[in-house]
Amino acid sequence: MDSSFSVFFSVVIIFLFFNGTTMVESLNLSLPSLEDGSSRRELAGIQTSFKLPSPLPNWPPGGGFGGGTMDLGGLQVSQVSTFDKIWAANEGGPGNVGATFYNPVSIPQGFFILGFYSQPNNMPLFGHVLVGKDVTNDSSNPTLKLPIDYTLVWSSVSLNIKKDGDGYIWFPNPPDGYRAIGYVVTSTSDKPPLERVCCVRSDLTDSLESDTWIWGPNKSLNANGFNVYSSRPINRGVEAMGAPMGGFVVENGIGSNTLSISCLKNLKGSLVNSMPNLNQIETLIQTYSPVVYFHPNELYLPSSVDWFFQNGALVYHKGDESNPTLIAQNGSNLPQGGSNDDPYWLDLPKDGSSKERVKKGDLQDSNAYFHIKPMYGGLFTDIAIWLFYPFNGASRAKVGLINISLGKIGEHVGDWEHVTLRVSNFNGELNSVFFAQHSWGIWMSASILEYASGNKPIVYSSLNGHASYPKPGLVLIGPQGVDVGIRDDTAKSDKVMDTGVRAMVVAAEYLGSIVVEPPWLNYLRKWGPKIDYDLDKEINKLEKVMIGKLKSAFDKLIKSIPREVLGEDGPTGPKVKNSWSRDEM
């Protein structure tokens, strides 16, 4: 890279940020007050560090899980979570609270820094970077080399905001055949020494893409300004080899040229040796299994799949609808494999009283179903926790100051919901949690979650719809910036489920035949019938009682809501979801 590169071109900067997508602004997370009454944002950056509420357990022995290092194919990597602050901005970004930039310290013997770390100021310090060590013993083709120079790509000198001095961001110009993995940040205009970071051999690198906005000098996004986004490897499947080294990308949006920063790539093809064995999985479940709180008014609670089958659930076959079949206790008589086609679907018992009873589920009999999978080739373990609800209740809308019952809209039989825990395979520490919400969801850093006991995060299940949230309250689903939307209400109650109790590991493909999948897991058709009402007719009924702007706002809301939320069709099971074999979206 030519050191004369100018910041007047479009710049892409990757830092090492491991906390996942935070969405902290939309969740209205606030900073704690100091004893003198001043807020954290008036000080220089982040003032507190985060540790999980309880110490990590001693993991059962076996394999490489929790071993502290991994070999990517001649490049050994380790995790560092100790930092010294370099520079902080105290404005801009989500919540207008700024961001802080850090230098990793306490590097293990023989390892080298690959890039610096940064995170927003609206959460305690909690993150890590990977450091690298060449283990090829091949001086002619090492996996690491020093940069040949640095290019100053941005500085805060002209930035008119509250800041802790000035910060300078440097791109390490790599030698031929190598790529920069991260950036160096300094508090002076002097170039950093060449030995400050190492570049990585190109065949051990992969491409990144930008994600959610993390920081920028202005309160709101500006396409032509300097903005920071979270980053992720482009290939995010279970077998993806890209290591999420870069947590955010920075662009100034002025030109077309891009500084190319990469993530790491695993040449060995698999890191399943770093994945937990069955005993370690059981310990992970008991350590991190979430506690789910249901709304006080929730009528439709989860059950075990077996309970649903034992209490009269039926499987229907197209063309023979008058002769449904009772489902065997473990689902052994369900059609297996194939695809999500129309010939088969499940439904509640025919008998009216049995139908109403089964709709409400059985919390005492409910199971949580665990799917364990490698992420980014085995640098992380993702633990997807699935809950089954026999019935999904009707939706409610908020239109201005008015709350409207939507009648049948939103109702459907057979509701599958999940949350996903992401655990570092270096030390077994919980990194983040994905909260699934209808056809989307959010990643939340472990540092900003609420915990029930020990290291068990709390999940709030929304009333009737069962979407998952990290805090109680009201979320409106619909167009942004208007007081109109489908209501997702969450609150604590005495209806609560510890997912670690009666936990069932139903799939862990990397373990081979050790985990036997239940037959119902491979039923890939619908877990409920297609709704037999006319959705447009139901909507028209509701619109008749509205006038003027309310009617217009409601019409726009309905058009913006995915049909999944409106409950027009029976849902599919866990294995049909995209997240089963890919990263959460």
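What comes next is a walk through the structure. It should be emphasised that the depicted structure is a prediction, and the values quoted were computed from it without experimental measurement.

The next thing to look at is the nonpolar core. With 40 residues, the main nonpolar core has Y288, I383, L430 and F435 as its most contacted residues. Of all the secondary-structure elements, those providing two or more residues to this core are helix 1 (278-288), strand 21 (291-294), strand 25 (368-375), strand 26 (380-392), strand 29 (412-424), strand 30 (430-437) and strand 31 (440-445). When residues no more than four places from it in sequence are discounted, the contact partners of I383 are L284, F370, H371, I372, V419, T420, L421 and V423. F308, W386, W520 and W527 belong to the second-largest nonpolar core, a separate cluster that totals 26 residues.

With that settled, consider the packing of aromatic side chains. Enumeration according to the criterion identifies 30 aromatic pairs in this entry. With centroids separated by 6.2 Å and ring planes inclined at 85°, the aromatic side chains of W154 and W215 adopt a geometry described as edge-to-face. Highlighted residues: W154 in strand 10 (residues 149-155) and W215 in strand 16 (residues 208-215), separated in sequence by 61 residues. On the basis of relative accessible area, W154 is assigned to the buried category, the value being 12%. Its relative accessible area of 0% is what places W215 among the buried residues. Ring centres of W520 and W527 lie 6.2 Å apart, and the angle between their planes is 85°; this geometry places the pair in the edge-to-face category. For the pair formed by W520 and W527, the shared burial category is buried. Each member of the aromatic cluster is reached from another via a ring pair, and the members are F308, F309, Y369, W386, F388, W416, W520, Y523 and W527. Here the basic side chain of R422 rests over the ring of F380, its NZ or CZ set 6.0 Å away from the ring centre. When the ring centre of Y293 is taken as reference, the NZ or CZ atom of K492 above it lies at 5.1 Å.

Definitions and limits used
Residues numbered from 1 in each chain as written. Predicted model: local features only at pLDDT ≥ 70, side-chain atom pairs only at ≥ 80, totals over all residues. Heavy atoms only, no water. Core = buried A, V, L, I, M, F, W, Y, C linked by side-chain atoms within 4.5 Å. Buried < 20%, exposed > 50% of the residue type's maximum accessible area, 1.4 Å probe, protein only. Helix = DSSP H or I, 4+ residues; strand = E, 2+ residues; numbered from the N terminus. Contact = heavy atoms within 4.5 Å. Phe/Tyr/Trp six-rings, centres within 6.5 Å; stacked < 30°, edge-to-face > 60°. Lys NZ or Arg CZ within 6 Å of the ring centre and 35° of its normal.

Everything listed is a geometric property; what it means functionally is a separate question.
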